[in-house]
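Residues per chain are reported as follows:
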Amino acid sequence: MTWQTFQNYTDCGVFLMRHMETYKGKLNKWNTQLKTEKMGQKGQMDKLRTKYAQAILTSHLNERRHLILDEAKSLYDKIATEKLMSIVIAASSKKQKREKISGTVLFPDEQTTAEKTTC
């Protein structure tokens, strides 16, 4: 397999999930879309690990799903508040120098996942 690794000993489960996700029964037409180890596979593994963890943790079959989602929302609120404060502090320090600051702050919305407000 072109995506075989020689240094990565920790992502066996991620490779397994990707193989199960992409294998359609024909080995000669099998395309996992995995990069080679030297060509950016680490970043790809990080994204796939996140994708699979999110799917498992938020599945309707997970009995602790609501606890996990509540914790994630709490963490999101904390990070959003810290980001908002950093934008406000940066804007006030730049205001003294008369430079324009712009950024995007995400606020949680009960109806949708997030609503964008530009400062």
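Cut-offs and rules
Residues numbered from 1 in each chain as written. Predicted model: local features only at pLDDT ≥ 70, side-chain atom pairs only at ≥ 80, totals over all residues. Heavy atoms only, no water. Phe/Tyr/Trp six-rings, centres within 6.5 Å; stacked < 30°, edge-to-face > 60°. Helix = DSSP H or I, 4+ residues; strand = E, 2+ residues; numbered from the N terminus. Buried < 20%, exposed > 50% of the residue type's maximum accessible area, 1.4 Å probe, protein only.

Novice: Would you mind showing me how to read the packing of aromatic side chains here?
Specialist: Pairs of aromatic rings are described using the distance from one ring centre to the other and the angle between the two planes. Using the criterion set out here, one finds 2 aromatic pairs in the structure. Ring centres 5.4 Å apart and planes at 80° place the aromatic pair Trp-3 and Trp-30 in the edge-to-face group. With Trp-3 in the segment before α1 (12-22) and Trp-30 in the loop between α1 and α2 (41-57), this residue pair connects regions lying 27 residues apart in the sequence. The pair Trp-3 / Trp-30 is uniform in exposure class, with both members buried. Aromatic side chains Tyr-23 and Trp-30 sit 5.0 Å apart centroid to centroid with 75° between the ring planes, which places their arrangement in the edge-to-face category. The class for Trp-30 is buried, based on a relative accessible area of 18%.

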